[in-house]
Amino acid sequence: MSAAIFRIWRGDAKGGAFEDYTTDVSEGMVVLDAVHEIQAKQANDLACRWNCKAGKCGSCSAEVNGMPKLMCMSRLSDLPLEKPVTIEPMKAFPIQKDLITDVSWNYRVKKKIRKFNPRPPDAADGTWRIAQEDIDRVQEFRKCIECFLCQDVCHVLRDHRKHDEFIGPRFLIYTAALEMHPLDTEDRLEELRKAHGIGYCNITKCCTKVCPENIQITDNGIIPLKERVVDDHYDPLGWIWKKLKR
Amino acid sequence: MPDYETFQHDVLVIGSGGAGLRAAIEASAAGVSVGMVCKCLLGKAHTVMAEGGIAAALANVDDRDSWKVHFADTMRGGQYVNNWRMAELHAKEAPDRVRELEAWGAVFDRTKDGRILQRNFGGHKYPRLAHVGDRTGLEMIRTLQDHGVHQGIDVHMEICIVTLLKDGKRVIGAFGYDRERGRFKIYRAKAVVLATGGIGKAYKITSNSWDCTGDGHSLAYHAGAGLIDMEYIQFHPTGMVWPPSVRGMLVTEGVRGEGGILTNKDGKRFMFDFIPDNYKAQTADNEEEGWRYTQGDKNARRPPELLTRDHVARCIVREIKEGRGSPHGGVYLDIAWIKKKLSNAGEHIKRKLPSMYHQFKALGDIDITQEPMEVGPTTHYIMGGVQVDADTQMSDVPGLFAAGECAAGINGANRLGGNSLSDLVVFGKRAGEFAAKFAKENAHGEVDEAQIDGYAREALRPFENSAGENPYSVQRDLQEVMQHNVGIVRDEAEMLTALDHLKTFWERADRVGVIGHRDFNPGWHTALDLKNLLTVSEAVTRAALERKESRGAQFRDDYPDKDERFSKVSTIIRKAVDGSMEVQLEPLPEMPDYLKQIIEEMK
């Protein structure tokens, strides 16, 4: 068994600094194991969120050696342990304490998106008929575990702080899952264009790169949504048709 | 009295997994104000980990299925010590609860004709589990969460409840702290629903997350409610065993449902050697028939790998004990072998079991489409919990309801896979409905302010003792003792030793100290959770000692057989007047004839 140094950010909204902790490393360990070991033996008050430790709940998001990651899925064997491993909180959200950030903004954003509204059932028993191939894409988006790493890495939020004008990749994917749901009848395109700021995304695909669920956020979600928004807004025939319908 | 922030709701739901969310949605729909307290962030509760599916007799894949078959399967799986009324309601109402999830946006896998697809699972006679790959729990919690946030429910995230508040005999609210700032909060409510999940963190090897510390069990017990069937803990047969850091992590039963087989180090498929008599008629007696069953042949019987979890877990333990285990102390679970049967096996496995593929690849360097997994039993679920009325889910303390894993009755001595997700929504809905009704019929109670000051002082005591013992050490020692002395195979001497240890753990827990301040301090949170862990550990041990027989999940080396004297009783744990824990046997409610007849017909 060898030892490694973990350089963990400690502090709160007022400020903080990195502190070094040395702990033993055994086969198969992930970053979260090291944090737990340090928490149990050296720093009982070290704050970090976690639940499932299996990459399914999306609680333990942090930046490991500068990369946004789930700590529970980051194997130590994939990191250069001859140098200290740095662990710090996500940068797109306000710091609460140590590795914990205030992600409540995400919950407020979601609430603003119009909820699922299905068409009337297809069968007399109140059920629907849907082909599997019509939901493959929606199921891909619904794999999202809400770790918010895509939000963390998105430069519109991380660097430009457009939290009031842009809902971020997580909620673009959420909207895409609703818009592409074969049963849904709502139209969210106008909101996407205005209040939800889809135009801010310039398809740098950083969100896709960090997604632990490998959701093709940009290619399969955001780009098709952008196309729909453009078609809806700038199509002159469609525009006249909508006016007439009113 | 210091000024504690006070919230007032008609109904307070404690817990935000499937049962809590479903209860909150139902209560809110009934027109009362609802508050929901989550120990973690919304949408992260342990329901998210459920993999295989939700059991409901939709009969979409096999039209011979019906609530009656589901009822009989649940009772047989539970060794007939289930609460018959809960098993009946569950089987009858689960299909509506699944269809409702679809109406709220859940996207289940489909049959060829576009209906909800169902898969095979242990102990279920027909393919019955509606699912989304192997991430059904995530789909369910997200659906309920996304529906719930538009229902006007007040969500309080990252709050731990330390005690329920009472006015006379009635529960009238709860007292807790927010994890972020460590400030105390009072939640006044006319009715309280406990939906806090399991107790897995009392054990060393578990599939459960940090927050499964038996809070609801413990809160109810200290408020005067009875806990039944606490000896029945489900050790899931297939947890990961290697590498050490993932030991206990769940490997879904869906692997076996899709054709996965269990073998020992000699390559022998050992489950065929041990088929219990009451399952012989419906279990395949050769490998070919078992394979045909997993591929949907309606004339084939299920392979012995899909026997109930208690039985499969014990068979695995026996293989390991008798020296036929795998290198890291497990046995082999092999799904890769199906490439002999299917030309596109690799793709098929990745599509049907995507998170299993990912989990082994990322954490164990194993490609499950090419090589077998190493697995062994892991503490997964508790059948026991708060005794409730089957129809209303109210405990014997007025105003206190419970649903989901922290309530008991539906599962008897062993739970079938897939019945927990359906339990959450069937009884979550009922708890919400009847809690709302209770709230409409009763006014708010009076909060005793002096008592609250006492609770707050008690909760802050570890800070006065910063040189005291590390709370994590007590937690770790407790987990070791429960794992070794009150695990899959039990006997009286070991459990009596465990009780002695528990006594010293109580004393140590009383003297723990924490460092730092009250802002998000996991050491402090762990110190406060110890009371819950110790309460449920003692309850499990005392109940297991009282049941001097082996039945379902309870296996006693000193009483290896079923005993007729225990066939119609539950153990019940209560807090005695002097504060000690007492255990008694209580007769099960008598099953009506029409249900007895169903069980007879399905034999």
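Rules of the game
Residues numbered from 1 in each chain as written. Chains lettered and ligands numbered in written order. Predicted model: local features only at pLDDT ≥ 70, side-chain atom pairs only at ≥ 80, totals over all residues. Heavy atoms only, no water. Helix = DSSP H or I, 4+ residues; strand = E, 2+ residues; numbered from the N terminus. Contact = heavy atoms within 4.5 Å. Areas by Shrake-Rupley, 256 points an atom, 1.4 Å probe, with all protein chains shown as cover. Lys, Arg positive; Asp, Glu negative; His and termini not counted. Charge placed at Lys NZ, Arg CZ, Asp CG, Glu CD. Domains from an automatic or database assignment. Buried area = accessible area lost by both parts, 1.4 Å probe. Pairing = 2+ DSSP bridges. Axes fitted to C-alpha atoms, helices over the stretch in contact; angles between N-to-C directions. Salt bridge = Lys/Arg side-chain N within 4 Å of Asp/Glu carboxyl O. Polar contact = N/O pair within 3.5 Å; in protein donor to acceptor, adjacent residues only side chain to side chain. Nonpolar A, V, L, I, M, F, W, Y, C, P; charged D, E, K, R; others polar. Patch = residues over 30% accessible without salt bridge, like charges linked within 9 Å, V, L, I, M, F, W, Y side chains within 5 Å. Buried < 20%, exposed > 50% of the residue type's maximum accessible area, 1.4 Å probe, protein only. Core = buried A, V, L, I, M, F, W, Y, C linked by side-chain atoms within 4.5 Å. Parallel < 35°, antiparallel > 145°, perpendicular 65-115°, else oblique. Left-handed = near helix turned anticlockwise from the far one by under 90°.

Section: the overall build of chain A
- Scanning chain A for helices and strands turns up 10 helices and seven strands.
- Considering only residue pairs separated by 6 or more positions, chain A has 61% of its internal contacts joining residues 24 or more positions apart.
- Accessible surface, chain A: about 11,000 Å² in total, of which carbon and sulfur atoms supply 52%.
- Between the mean site of the 38 positive side-chain charges and the mean site of the 37 negative ones, chain A shows a separation of 4 Å.

Quick look at the domain arrangement of chain A
All names here are of chain A.
- Examined at the domain level, chain A breaks down into domain 1 (2–101) and domain 2 (104–245).
- Computed over C-alpha atoms only, the centres of domain 1 and domain 2 are separated by 31 Å.
- The interface is formed by 14 residues belonging to domain 1 together with 16 residues belonging to domain 2.
- Buried surface at the junction of domain 1 and domain 2, both sides included, amounts to about 1,100 Å², of which 58% is carbon and sulfur.
- The largest per-residue losses of area from domain 1 upon contact with domain 2 belong to Pro68, Ala92 and Phe93, which jointly make up 46% of the total buried on that side.

A word on the sheet that holds strand E12 (residues 261–263) of chain B
Residue and element names in this part refer to chain B.
- The strand order E11-E14-E13-E12 describes an open sheet built from four strands, whose pairing is antiparallel. Lying at the two open borders of the sheet, with one neighbouring strand each, are strand E11 (233–240) and E12. Strand-to-strand twist in this sheet, taken as the mean axis angle between neighbours without regard to direction, amounts to 45 degrees.
- Sheet topology places strand E13 (residues 331–334) next to strand E14 (residues 373–382); three bridges connect them, and they run antiparallel.

Here we look at the interface of chain B and chain A
- On the chain A side, the residues contacting the 63 residues of chain B number 55 residues.
- Carbon and sulfur atoms supply 54% of the area buried between chain B and chain A, which totals about 5,000 Å² over both sides.
- On the chain B side of the interface with chain A, the three residues burying the most area are Lys44, Val107 and His150 of chain B, jointly 12% of the side's total.
- Connecting chain B to chain A are six salt bridges.
- Joining chain B to chain A, the criterion identifies 39 residue pairs in polar contact (both at pLDDT 80 or more).
- Looking at the side of chain B that touches chain A, the elements with two or more residues in it are helix H3 (84–103), helix H4 (136–148), helix H11 (354–364), helix H14 (471–485) and helix H16 (522–546) of chain B.
- Split by residue class, the side of chain B that touches chain A holds 27 nonpolar, 18 polar and 18 charged.

Re the sheet that holds strand E3 (residues 54–55) of chain B
All names here are of chain B.
- An order of E3-E5-E4 is seen for the three strands of this open sheet, with the pairing classed as antiparallel. Across the chains shown, the open sheet's two edge strands, defined by having one partner strand only, are E3 and strand E4 (118–119).
- As defined by bridge partners, E4 adjoins strand E5 (residues 129–130) across two bridges and the pair is classed as antiparallel. In the strand pairing of E5, Arg119 is matched with Leu129.

Some thoughts on unusual backbone geometry
Residues and elements named next belong to chain B.
- In this chain, Trp242 is followed by Pro243 through a cis amide linkage whose omega measures -5 degrees.
- Mapped onto the secondary structure, Pro243 falls in the loop between E11 and helix H6 (254–257).
- The backbone phi angle of Asp229 is positive, close to 55 degrees, even though this residue is not glycine.
- Mapped onto the elements, Asp229 comes out in the loop between strand E10 (227–228) and E11.

Side note on the domain arrangement of chain B
Residue and element names in this part refer to chain B.
- In terms of domain boundaries, chain B breaks down into domain 1 (240–378) and domain 2 (466–568).
- Using only C-alpha atoms to locate each centre, domain 1 and domain 2 end up separated by 30 Å.
- Opposite the five residues of domain 1 that make contact, domain 2 presents five residues.
- Counting across the interface, domain 1 meets domain 2 through zero salt bridges.
- If you look at where domain 1 meets domain 2, you find one residue pair in polar contact (both at pLDDT 80 or more).
- When residues in the side of domain 1 that touches domain 2 are grouped by element, the largest group, four residues, is from helix H9 (residues 309–321).

Some words on a nonpolar patch on the surface
Residues and elements named next belong to chain A.
- Taken together, the side chains of Ile240, Trp241 and Leu244 present a nonpolar region at the surface, about 370 Å² in accessible area.
- Along the chain, the position of Trp241 falls in helix H10 (residues 236–245).
- Residue classification places Trp241 among the exposed positions, given a relative accessible area of 53%.

Things to note about the nonpolar core
- If you look at the biggest cluster of nonpolar residues, it comprises 253 residues, and the most contacted ones within it are Met71 and Ile87 of chain A together with Leu164 of chain B.
- In this structure, Ile87 of chain A is in contact with Phe6, Arg7, Ile8, Trp9, Phe18, Val31, Val35, Ala62, Glu63, Met71 and Leu99 of chain A, ignoring residues within four places of it in sequence.
- Ranked by size, the runner-up nonpolar core spans seven residues in total, among them Val81, Tyr232, Ala413 and Leu588 of chain B.

A closer look at the packing of helix H1 (residues 18–29) of chain B against H4 of chain B
All names here are of chain B.
- At a minimum axis distance of 10 Å, the contact between H1 and H4 shows a crossing angle of 30 degrees. When the axis of H1 is compared with that of H4, the two are roughly parallel. Of the two possible hands of crossing, H1 and H4 adopt the one that is left-handed. Where H1 approaches H4, its residues Gly18, Leu21, Arg22 and Ile25 are matched on the opposing element by Ile141, Leu144, Gln145, His147 and Gly148.
- Residue classes in the contact of H1 with H4 are distributed as four nonpolar, four polar and one charged.

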